Amino acid sequence: MQETLDPENWEQFSQLAQQMLSDMLTHLRTLPEQPAWREMPPGVRQGLQEDPLPWKGHSEAEVYQQFFQQVLPYPNGNLHPRFYGWVQGNGTPLAMMADMLAAGLNPHMAGFNQAPALVEKRVLDWLRQLMGFPPESGALLVGGGSMANLIGLTVARDRWLKGEALLGNSRRPVVYGSTQTHAWVTKALRLLGLGADTFRALACDDQYRLDLSDLRQRLKRDRAAGMEPLAIVATVGTVNTGAIDRLDELADLCALEKIWLHLDGAFGALARLAPALAIQVKGLERADSLAFDLHKWMYLPFECACALVRDGNAQRRSFELEGSYIEPETRGVIAGGLPFAQLGLELTRNFKALKVWMCMKSYGVEKIGRIIQQNVDQAAYLVEQIKSRPELELAAPAPLNVVCFSYRGVNNRELLTRLHESGRAVPSGTTLGGQFVLRVCLVNHRTRQSDLDLLLDSVLEIGGWMKASASQQ
Ligand SMILES: Cc1ncc(COP(=O)(O)O)c(C=O)c1O
């Protein structure tokens, strides 16, 4: 007997699939009634950890039951309207369906100039337009900000090398950023063979932006010492506070000094979609390369980010791929070749473009921009509330959608853990100026003002208890 992995009974499978869809939509619809996070019962945790290697199969329905009981109720919570931690996007029901359709169709997205590739090409063109990049710039959808940033920095490295080999090269590269640059940069520098110590984490001004006078001095000093600047990595929306580096001035400096300007716009670049915020990220369109995540502030499910490189040919030279088994033809399935595989690391890629295409078309960019603005307005509201409460202290300016604050006189790390355990709200934490603070990042289309009120009430309540119990000891 010959076997296949298609269902034995399509009718039964179709019923199960409809059950899965209905359960997931119920999960999404009832999010506000659920806790923002719940601890996994030890038995469930142990069950999953010890799940034995399944040599023999179980029915699809049984496997789904296990998912329904042991996995679905215990995620990390990022879909929830009161999840404000790190920079975790939420996803939308339409994007979920698009991902299902993409996985069902399962096209190989190395290229192949068929309908799925045309969808990705349209999406990339829309994203170029939104970010003000020229039509000939290189563009690729990738898994996340770390990968999109790696692509930009790879092309920068190759331009710096001017065709020379890296190994045995006596030239000494330097990459400049700030103390607020995200940690992807040192990982990327290690992967690129440049070493993490190529990175100079420069000081910031009082708004957590790269200090340009420090940068100018360092450039002069490093050049005098025989070092060669490879790139300046600036950030549009830092992970800690949402600070935006001075983009126009950096673009001027890079043009003058002939240094590659790479922008990490993981979430902040999307501020360009909100008309009143676009001015804050002006200059972004002048970068040599730009990375941004659609799975953060475009609210799409993981994974989806975009790398844009002004010089598309340079990007192609960095990532070109040849083989007799993938040569393009003028007719047939491989007509048009594998253009996406020539712009990034991956050969086999999934159809993540479909969710971008369907969501952009269905919501319209204007609505996405309005929700981005809504998040920024929510951050401003939170700042006002914090300033009006003597127990609380704002820890940093909040120019965009990230608010850092603390409860005075208590251990804020402990307060944060208690808040998570309460299931009421999930901010994350960070350290600013040597102080641990609570960090609220608003990239959630589900968050309402009442959710922020609940966050504040919970912080005040837990902080109040902690203070009271400390004073009794
Ligand atoms: C500013 C910034 N850059 C890069 C990244 C990394 O992006 P990803 O997690 O999509 O790889 C993040 C993640 O939060 C970020 O905030």
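Reading guide: rules and limits
Residues numbered from 1 in each chain as written. Predicted model: local features only at pLDDT ≥ 70, side-chain atom pairs only at ≥ 80, totals over all residues. Heavy atoms only, no water. Salt bridge = Lys/Arg side-chain N within 4 Å of Asp/Glu carboxyl O. Buried < 20%, exposed > 50% of the residue type's maximum accessible area, 1.4 Å probe, protein only. Helix = DSSP H or I, 4+ residues; strand = E, 2+ residues; numbered from the N terminus. Axes fitted to C-alpha atoms, helices over the stretch in contact; angles between N-to-C directions. Left-handed = near helix turned anticlockwise from the far one by under 90°. Contact = heavy atoms within 4.5 Å. Nonpolar A, V, L, I, M, F, W, Y, C, P; charged D, E, K, R; others polar. Near = heavy atom within 4 Å. Polar contact = N/O pair within 3.5 Å; in protein donor to acceptor, adjacent residues only side chain to side chain. Areas by Shrake-Rupley, 256 points an atom, 1.4 Å probe, with all protein chains shown as cover. 1 Å grid on protein atoms, 1.4 Å probe; cavity = no way out; pocket = protein on both sides within 12 Å on 5 of 7 lines; lining within 4 Å. Points joined across faces, edges and corners; volume = space filled by probe spheres on them. Phe/Tyr/Trp six-rings, centres within 6.5 Å; stacked < 30°, edge-to-face > 60°. Patch = residues over 30% accessible without salt bridge, like charges linked within 9 Å, V, L, I, M, F, W, Y side chains within 5 Å. Lys, Arg positive; Asp, Glu negative; His and termini not counted. Charge placed at Lys NZ, Arg CZ, Asp CG, Glu CD. Domains from an automatic or database assignment. Buried area = accessible area lost by both parts, 1.4 Å probe.

A. Examining the pattern of salt bridges more closely. For the structure on display, the rule yields 22 salt bridges. Between D293 and K296 there is a salt bridge whose closest N-O contact spans 2.7 Å. With relative accessibility at 0%, the residue D293 sits in the buried group. Its salt-bridge partner being E461, residue R424 comes within 3.3 Å of it at the nearest N-O pair. Here E461 lies in helix α14 (residues 449-472) and R424 lies in the loop between α13 (412-422) and β10 (428-432), a separation of 37 residues in the sequence.

B. Looking closely at the packing of helix α4 (residues 93-105) against helix α11 (residues 353-363). Contact geometry of α4 with α11 gives a least axis separation of 8 Å together with a crossing angle of 145°. Relative to α11, α4 is oriented so that their crossing is right-handed. Here α4 contributes L94, A95, A98, D99, L101 and A102 to the contact with α11, which in turn contributes L354, K355, M358, C359, S362 and Y363. Of the residues that constitute the contact of α4 with α11, the class distribution is nine nonpolar, one polar and two charged.

C. The arrangement of the site of the ligand in detail. Surrounding the ligand, one finds 14 residues, the nearest of these being G145, S146, D264, H295 and K296. One of the side-chain N or O atoms of D293 is found 3.2 Å from an oxygen atom in the ligand. In the complex, the protein chains occlude 84% of the 390 Å² of accessible area that the ligand would expose alone. In terms of residue class, the shell around the ligand is built from five nonpolar, six polar and three charged.

D. Inspection of the environment of F68 at higher detail. When you line up the elements, F68 lands in helix α3 (residues 60-71). Residue classification places F68 among the partly exposed positions, given a relative accessible area of 33%. Expressed as a C-alpha distance, the spacing of F68 and D23, which sit 45 residues apart in the sequence, is 8.4 Å. When neighbours within four sequence positions are excluded, F68 is seen to be in contact with D23 and P73.

E. Spatial organisation of the layout of surface pockets. Within this model, the largest pocket holds a volume of roughly 930 Å³. What lines the largest pocket is a set of 39 residues, among which M24, H27, F67, L72 and M96 lie closest to the centre. When residues of the lining of the largest pocket are traced back to their parent elements, those giving at least two are α1 (10-29), α3 and α4. Sort the elements by how many residues they give to the lining of the largest pocket and α1 lands first, with nine residues.

F. Main features of the packing of aromatic side chains. The full count for this structure, using the stated rule, is four aromatic pairs. Geometrically, the ring pair formed by F83 and W86 is tilted, given 6.1 Å between the ring centres and 35° between the ring planes. Using a relative accessible area of 3% as the deciding quantity, one classes F83 as buried. The class for W86 is partly exposed, based on a relative accessible area of 43%.

G. Focus on a negative patch on the surface. Together, E320, E322, E327 and E329 line one region of the surface with negative charge. Tracing the sequence through the fold places E322 in the loop between α10 (312-319) and α11. Its relative accessible area of 70% is what places E322 among the exposed residues.

H. A look at the domain arrangement of the protein chain. Assigned domains within the protein chain: domain 1 (10-75), domain 2 (107-363) and domain 3 (371-472). Once you take the C-alpha centre of each, domain 2 and domain 3 turn out to be 32 Å apart. The interface of domain 2 with domain 3 comprises 22 residues on the first partner and 22 residues on the second. Interface area, domain 2 with domain 3, both sides summed: about 1,700 Å², of which 67% is carbon and sulfur. Together, N240, W297 and Y299 form the three largest contributors to the area buried by domain 2 at its contact with domain 3, with a combined 38%. Counting the contacts that link domain 2 with domain 3 gives eight residue pairs in polar contact (both at pLDDT 80 or more). Within the side of domain 2 that touches domain 3, the residues separate by chemical class into 13 nonpolar, seven polar and two charged.

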